[in-house]
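Given next are the chains, with one letter for each unit.
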Amino acid sequence: MDKHRNPSISFGLNKDKQFFINSIKRAVEKSLNMSLYQLKRENAEDSLYYLALRYVTTTNKAICEAFSIPVEAGTRYKRALEKSGLLVQSIDEFICPYTFRKAHLLSTNPKEFAKLQKSNSRQLNLFEKGGDNAN
């Protein structure tokens, strides 16, 4: 363990991470009116991934952590759902509340698709119509 790390700060971060993961679980349980146990018993891992992202817009790591899905498997499910048009990834990156690193938000809720596909960046894209190089 790093001698310079304050253990009380680390404990606080872990507590915040656990709170965030628990809030994801509760939101999905409430939306589907099922316990986590029922959800896992009645749905394959890929279906659970899809269902959870229908009710919670978050990062791959956070949804995988909340439902005990290996991140590598979550990445495969994400790719398959994107190819079939059932999942959209945000254009912009956000700070993940679980990892505290930049990551894209994911959703399988069609009501969220337009919002996620719109960039909050004010930078001009040289390839968009209306930019300085538009024909």
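Since we're looking at a predicted model, the values are computed, not measured.

> Lay out the packing of aromatic side chains in plain terms, naming residues and giving numbers.
Applying the stated criterion across every chain yields a total of one aromatic pair. Here the basic side chain of Lys17 rests over the ring of Tyr98, its NZ or CZ set 5.0 Å away from the ring centre.

> So, helix H5 (residues 71-83): which residues are in play, and what are the values?
Taking 1.5 Å as the rise per residue, H5 with 13 residues should run 18 Å; its terminal C-alpha atoms sit 18 Å apart, in good agreement. Along H5, the positions that sit buried rather than exposed are Ala73, Gly74, Tyr77, Lys78 and Leu81. Seen from one end, H5 has its buried residues packed into an arc of 140°, which puts them on one side. Along H5, exposed side chains directed more than 90 degrees from the buried face belong to Glu72 and Lys83. Residues of H5 that are buried make contact with helix H3 (45-55), helix H4 (60-66), strand E1 (88-95) and strand E2 (102-107). Residue Gly85 follows H5 closely and has a positive phi angle near 80°.

> Account for the pairing of E1, naming residues and giving values.
In this sheet, E2 lies alongside E1 in antiparallel orientation, the contact comprising five bridges. The residue of E2 that forms the bridge with Glu93 is His104. Between E1 and E2, which follow one another and run antiparallel, lie six residues, and Phe100 among them has a positive phi close to 65°.

> Before we move on, can you summarise the side chain of Ser107 with the specific residues and values?
Within the fold, Ser107 resides in strand E2. Taking relative accessible area as the criterion, Ser107 reaches 0% and is therefore assigned buried. With residues near it in sequence (within four places) discarded, Ser107 still touches Leu53, Thr57, Leu86, Leu87, Val88, Glu112, Phe113 and Leu116.

> How would you summarise the pattern of salt bridges if you had to cite specific residues and measurements?
For the structure shown, the criterion picks out four salt bridges. We note a salt bridge from Arg41 to Glu42, for which the minimum N-O separation is 3.5 Å. Overall, the relative accessible area of 53% leaves Arg41 in the exposed class. Of the charged contacts in the structure, one is a salt bridge between Lys61 and Glu65, with a shortest N-O distance of 3.6 Å. Here Lys61 pairs with Glu65, and both are found in helix H4, just four residues apart, close to one helical turn. Overall, Lys61 belongs to the partly exposed group, its relative accessible area being 30%.

Conventions used here
Residues numbered from 1 in each chain as written. Predicted model: local features only at pLDDT ≥ 70, side-chain atom pairs only at ≥ 80, totals over all residues. Heavy atoms only, no water. Phe/Tyr/Trp six-rings, centres within 6.5 Å; stacked < 30°, edge-to-face > 60°. Lys NZ or Arg CZ within 6 Å of the ring centre and 35° of its normal. Helix = DSSP H or I, 4+ residues; strand = E, 2+ residues; numbered from the N terminus. Expected span 1.5 Å × (residues − 1). Buried < 20%, exposed > 50% of the residue type's maximum accessible area, 1.4 Å probe, protein only. Arc of directions from axis to C-beta. Contact = heavy atoms within 4.5 Å. Pairing = 2+ DSSP bridges. Salt bridge = Lys/Arg side-chain N within 4 Å of Asp/Glu carboxyl O.

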